[in-house]
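Survey of secondary and tertiary structure
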Amino acid sequence: MQYALCTADGTVWESSNFASLPADQLETKRKSLVCSQCSEFAWFRKESSHGHPAHFCAHHREDCDLRVEYVVINEPRNGTNIAEGELQSGDLIIVRLDQEQGSQIDVTEVQPPPGPGATGGGRTFILRNQGQESAQHFTLRRILLRLVQSPTFRQSDTQIVFYKNERDVLISGQVRDIVASFADITREMQSDQLLLYWGPIASAGRTPDGKIWLNSSASNQETSVSIFEDVADEFLSAFGITDLDELAGAHVLVAGRVHFTSTGKPVIWCGSSKYIVVRRYRAAGLQALL
Ligand SMILES: [Zn+2]
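Below or above, wherever it landed, is the structure these notes cover. Just so you know, these numbers come straight off a predicted model, no measurement behind them.

Turning to the overall build of the protein, a few remarks are in order. Per the secondary structure count, the protein includes six helices and 20 strands. For the protein, buried positions account for 48% of its 290 residues. Sequence separation of at least 24 residues holds for 63% of the intrachain contacts in the protein that already meet a minimum separation of 6. On the protein, roughly 14000 Å² of surface is accessible, and the fraction owed to carbon and sulfur atoms is 46%.

Protein-derived ligands of the zinc ion are Cys-35 (SG), Cys-38 (SG), His-60 (ND1) and Cys-64 (SG), with the metal-ligand distances lying across 2.1 to 2.3 Å. Given four donor atoms and angles of 101 to 121 degrees at the metal, the environment of the zinc ion is assigned as tetrahedral. Counting gaps between the donor residues of the zinc ion yields the pattern C-x2-C-x21-H-x3-C. Of the two residues, Cys-35 sits in the loop between β3 (33–34) and β4 (42–45) while Cys-64 sits in the loop between β5 (55–58) and β6 (71–73), which places them 29 residues apart along the sequence. With respect to class, Cys-35 is no different from Cys-64; both count as buried.

Another point: the sheet that holds strand β2 (residues 11–14). Strand order in the open sheet made by the three strands is β2-β1-β3, with antiparallel pairing throughout. On the outer flanks of this sheet lie β2 and β3, each paired with one strand and no other. Bridge count for strand β1 (residues 3–6) against β3 is two bridges, and the pairing is antiparallel. Looking at β3, one finds that Cys-6 is bridged to Leu-33.

Right, let's talk about the environment of Leu-144 for a bit. Examined against the element boundaries, Leu-144 turns out to sit in helix α3 (residues 140–149). Spatially, the C-alpha atom of Leu-144 lies 8.0 Å from that of Arg-279, the residues being 135 residues apart in sequence. With near-sequence residues (within four places) excluded, Leu-144 lies in contact with Trp-198, His-251, Val-252, Leu-253, Val-277, Val-278 and Arg-279.

Here we take up the packing of aromatic side chains. The full count for this structure, using the stated rule, is eight aromatic pairs. The interplanar angle of 70 degrees and the centroid separation of 5.9 Å between the aromatic rings of Trp-213 and Trp-269 together place this pair among those described as edge-to-face. In this pair, Trp-213 sits in strand β16 (residues 212–215) while Trp-269 sits in strand β19 (residues 266–270), placing the two residues 56 residues apart along the sequence. Overall, the relative accessible area of 28% leaves Trp-269 in the partly exposed class. Through a chain of ring-to-ring contacts, the aromatic side chains of Trp-13, Phe-18, Phe-44 and Phe-56 assemble into a single cluster. Note that Arg-142 overlies the ring of Phe-138, its terminal NZ or CZ placed 3.8 Å from the centroid. The ring of Phe-153 has Arg-146 lying over it, and the distance from NZ or CZ to the ring centre is 5.7 Å.

Now for the pattern of salt bridges. Scanning the entire structure with this criterion turns up 10 salt bridges. Of the charged contacts, one joins Asp-98 and Arg-96 as a salt bridge, the two residues approaching to 2.9 Å between their closest N and O atoms. Note on Asp-98: relative accessible area 31%, which makes it partly exposed. Put simply, Lys-211 and Asp-209 hold a salt bridge, and the shortest N to O gap is 3.3 Å. Accessibility expressed as a relative area gives 13% for Lys-211, which makes it buried. Overall, Asp-209 belongs to the partly exposed group, its relative accessible area being 43%. Connected via shared salt-bridge partners are Glu-27, Arg-30, Lys-46 and Asp-245.

This part is about helix α6 (residues 229–238). Every buried residue belonging to α6 is among Val-231, Ala-232, Phe-235 and Leu-236, and all of these are buried. Along the axis of α6, the buried residues cluster in a sector spanning 150 degrees; they form a single face. Looking at α6, the residues exposed on the side facing more than 90 degrees away from the buried face are Asp-230, Asp-233 and Ser-237. For α6, the secondary structure elements touched by its buried residues are β15 (203–206), β16, β17 (224–227), β19 and β20 (276–282). Gly-240 sits one or two positions beyond α6 and adopts a positive phi of about 60 degrees.

As a further point, take the pairing of β16. Where β15 and β16 come together, four bridges link them in antiparallel fashion. The residue of β16 that forms the bridge with Gly-205 is Trp-213. Between β15 and β16, which pair antiparallel and follow one another directly, the connecting turn spans five residues, one of which, Gly-210, has a positive phi of 100 degrees. Judged from the four bridges that link them, β16 and β17 form a sheet pairing that is antiparallel. Across the sheet, the residue bridging to Leu-214 is Val-225, located in β17.

Thresholds applied
- Residues numbered from 1 in each chain as written.
- Predicted model: local features only at pLDDT ≥ 70, side-chain atom pairs only at ≥ 80, totals over all residues.
- Heavy atoms only, no water.
- Helix = DSSP H or I, 4+ residues; strand = E, 2+ residues; numbered from the N terminus.
- Buried < 20%, exposed > 50% of the residue type's maximum accessible area, 1.4 Å probe, protein only.
- Contact = heavy atoms within 4.5 Å.
- Areas by Shrake-Rupley, 256 points an atom, 1.4 Å probe, with all protein chains shown as cover.
- Donors = N, O, S within 2.8 Å, 3.2 Å for Na, K, Ca; no water.
- Tetrahedral: all angles 85-135°; square planar, octahedral: opposite > 155°, others 65-115°.
- Pairing = 2+ DSSP bridges.
- Phe/Tyr/Trp six-rings, centres within 6.5 Å; stacked < 30°, edge-to-face > 60°.
- Lys NZ or Arg CZ within 6 Å of the ring centre and 35° of its normal.
- Salt bridge = Lys/Arg side-chain N within 4 Å of Asp/Glu carboxyl O.
- Arc of directions from axis to C-beta.

All quantities given are derived from atomic positions and should not be read as evidence of function.
Written out as structure tokens, the structure reads:
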């Protein structure tokens, strides 16, 4: 879209004017962008090396006039791209982090996905030593999709067990206890305990020490995810990222420890490319040029 509201300066910016801002101002203001109509999280994309012009995008509210439908491309239709029904209370979800694989998800604005009736592709299997109890095997990607799509899931008592490998449990508990959005991170979460954190990315950069920083917005406590230098390149190649600016607007889910800076900003440390997943979005107007 061509316009977005910056809550830091109260201005509705036109995208090419925004692109002309001095770099430091642009980096600050892009963390405070919202849709000018529905006030939901918005982001800025610079002119790309392929010649796509600078523009804004947003995750609009359902009733926003500027809203568009999304569908995932590069994934089978029976995959994780379709809105799934709510899980039953008491369901058990298992995630094997050592089996996580990158690969990007781009979401493009095209025709709405097929209606209800289609279900997700999670397979069911029997847990060893637990009798008849069955569990659904999810990937981090599928957990992130549910978090983005379902406020009910975010607050649910659904039990999730994250395995480091075949035997060792890394994180285990109810969704509402072990998963927090960037906006909901509290000081009490700062400990040696790994938790799951998720939210939108407004900008991304790399410091001279090699760390990658994924920065969220002002409305998300300016939370940052810091990806350690020894796994940074692995992260980029796993998700097919050639330009960090491509991460603007993505949702991220990361298993890590949170610390607060002296200014009160949460930073989540990520030491493994298996513990992080990103979900990227692409604007429809650009599709024809690809
Ligand atoms: Zn909107």
